[in-house]
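Observations on chain architecture
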Amino acid sequence: MTSVRIPLARIAHARSGDKADWVDFGLFAWNLAGYRLLEREVTAARVRAHFAPWLPGEVDAWALPNILALKFVLRGALQGGGARNLRLDNLGKAMAGALLRLEIEVTEAELEEALNTPRVAWWGEGVA
Amino acid sequence: MIIAADVGGTKTLLQLLERTDGGARALFERRYADAAFGGFDELLTRFLADARAQAIGSGDIETAVLGVAGPVDGDRVRLTGARGQAPGPMLKVVAGYRDGFKAEVTWGFSWPDAWDKAQAATATIRQLLQDKRIPHDELFVEYPGLNSAHGALAPLPDAAALNAMNEVWTRLVLRTPEKSAADGFGRLFPWLALSGPAYTCGFNGLHNTSELLGIWPTLIARALVEPGVKVDFLGDKA
């Protein structure tokens, strides 16, 4: 079966922000098919390796299957915390986008399913 | 004014009353779940604050009548029915501490060769910091529009493509333990505007020192904190 490399941005969305010197990420699938791929591919080790060239901190991960999401914490990511960080993005809010650059390998059939399954809407919109 | 309370094992009902000719008239009434409070004093404080928030009860309290549904033993009353867990031994603390100063300058360089100009200007600033022995921990450099969001994870075009760009913005931030070094950082730049690589605009860095705060999340024994807790109301004097 043919496999493809895709950035997480194809099948997921994310939010991030500061927790002292850690950045806390929520990585959300749009549907269950997408969540299965995230759960299988996006481990703490993969996230750590992804950020290592820039922010080589420890990563912890938690699965939140009830909301089709994974949570990650990247330690030592903010130069000691938001109020001493010299970056323009001192609170790490843009780092969710950086997480969505992470590439995973999936089969074409899996990608197809994740893209074509209707999105789950938690607030009553567009539920199939 | 009078406080009347019906204190139960799970809930407490409080009233604030004022005397009338025939007896008393209730001005304010609230019911609270006991589990949300560490003790009756906390609960009473909250009740008075809630009353005050509605501009009720500015007069002195002359009497308090507390009905407690349980057997009395000396000055203690045993209540039953409360559920929950005892509070943990530790409290979470997020402490801030002073941790140096920063000063920053952001400027833009224009085509042609904007990238090379930005590099040359930054190298000059680094050299000046060294020559003038300005104490600093780091000179942080990023390029808004290119990598300020994703740092080293944002792929940069090659140098030729960068030099072909219309403009390149550079943000330089000095981290230093000394305020005077931060105050003087902006003074490294004006002459460069005249004699260095041609810059576009955006330079406004003469006086922008700010203090940096480190953050220390930790735990502290509850027993060290709670005996010293004092609650001040920001009332009429605020």
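The preceding data block contains the structure.
To keep things clear, this report deals only with the structure shown in the data block. (Residues numbered from 1 in each chain as written. Chains lettered and ligands numbered in written order. Predicted model: local features only at pLDDT ≥ 70, side-chain atom pairs only at ≥ 80, totals over all residues. Heavy atoms only, no water.)

Attention now moves to the overall build of chain A. A count of helical and extended segments in chain A gives four helices and six strands. Secondary structure elements of chain A occur, N-terminal to C-terminal, as β-β-β-α-α-β-β-α-β-α. In terms of overall dimensions, chain A has a C-alpha envelope of 45 × 35 × 25 Å along the principal axes. A fraction of 67% describes how many contacts in chain A between residues 6 or more apart in sequence connect residues 24 or more apart. Approximately 6400 Å² of chain A is accessible, and the part contributed by carbon and sulfur atoms is 55%. Across chain A, 15 positive and 15 negative side-chain charges occur, with their mean positions spaced 6 Å apart. (Helix = DSSP H or I, 4+ residues; strand = E, 2+ residues; numbered from the N terminus. Contact = heavy atoms within 4.5 Å. Areas by Shrake-Rupley, 256 points an atom, 1.4 Å probe, with all protein chains shown as cover. Lys, Arg positive; Asp, Glu negative; His and termini not counted. Charge placed at Lys NZ, Arg CZ, Asp CG, Glu CD.)

This next bit is on the environment of B:Val225. Within the fold, B:Val225 resides in helix H6 (residues 222–225). In contact with B:Val225, other than residues within four places in its own chain, are B:Leu91 and B:Ile220.

The next thing to look at is the pattern of salt bridges. All told, the structure shown has 21 salt bridges over all chains when counted by the stated rule. B:Asp99 is paired through a salt bridge with A:Arg84; the nearest N and O atoms lie 2.4 Å apart. Here the residue B:Asp99 occupies a position in strand S7 (residues 90–110), and A:Arg84 occupies one in the loop between strand S5 (69–74) and helix H3 (95–99), the pair thus bridging two chains. The exposure class assigned to A:Arg84 is buried, which follows from its relative accessible area of 17%. The closest approach of N and O atoms between B:Arg171 and B:Glu142, which form a salt bridge, is 2.7 Å. Of the two residues, B:Arg171 is situated in strand S9 (residues 167–176) and B:Glu142 in strand S8 (residues 138–142); the sequence distance between them amounts to 29 residues. With relative accessibility at 4%, the residue B:Arg171 sits in the buried group. What makes B:Glu142 buried here is its relative accessible area of 2%. (Salt bridge = Lys/Arg side-chain N within 4 Å of Asp/Glu carboxyl O. Buried < 20%, exposed > 50% of the residue type's maximum accessible area, 1.4 Å probe, protein only.)

We now examine the sheet that holds S8(B). Within a sheet, adjacent strands bond to each other through the backbone by hydrogen bonds, running parallel or antiparallel. All names here are of chain B. The strand order across the open sheet built from four strands is S8-S9-S7-S10, with neighbouring strands paired in antiparallel fashion. Lying at the two open borders of the sheet, with one neighbouring strand each, are S8 and strand S10 (210–221). Pairs of neighbouring strands in the sheet enclose a mean axial angle of 30°, with direction left out of account. Direction of pairing for S8 relative to S9: antiparallel, over a ladder of five bridges. Of the residues in S9, the one forming a bridge with Leu139 is Leu174. (Pairing = 2+ DSSP bridges. Axes fitted to C-alpha atoms, helices over the stretch in contact; angles between N-to-C directions.)

Our focus in this paragraph is the nonpolar core. By size, the foremost hydrophobic cluster in this structure holds 35 residues, and its most contacted members are A:Leu27 and A:Phe51. Of all the secondary structure elements, the ones that give two or more residues to this core are strand S2 (12–19), strand S3 (22–29), helix H1 (32–41), helix H2 (44–51), S5, H3, strand S6 (103–107) and helix H4 (108–116) of chain A. In contact with A:Phe51, not counting residues within four places along its chain, are A:Phe25, A:Pro56, A:Leu74, A:Met95, A:Ala98, A:Leu99 and B:Leu153. Counting 27 residues, the second-largest nonpolar core is a separate cluster that includes B:Ala103, B:Ile134, B:Leu146 and B:Leu188. (Core = buried A, V, L, I, M, F, W, Y, C linked by side-chain atoms within 4.5 Å.)

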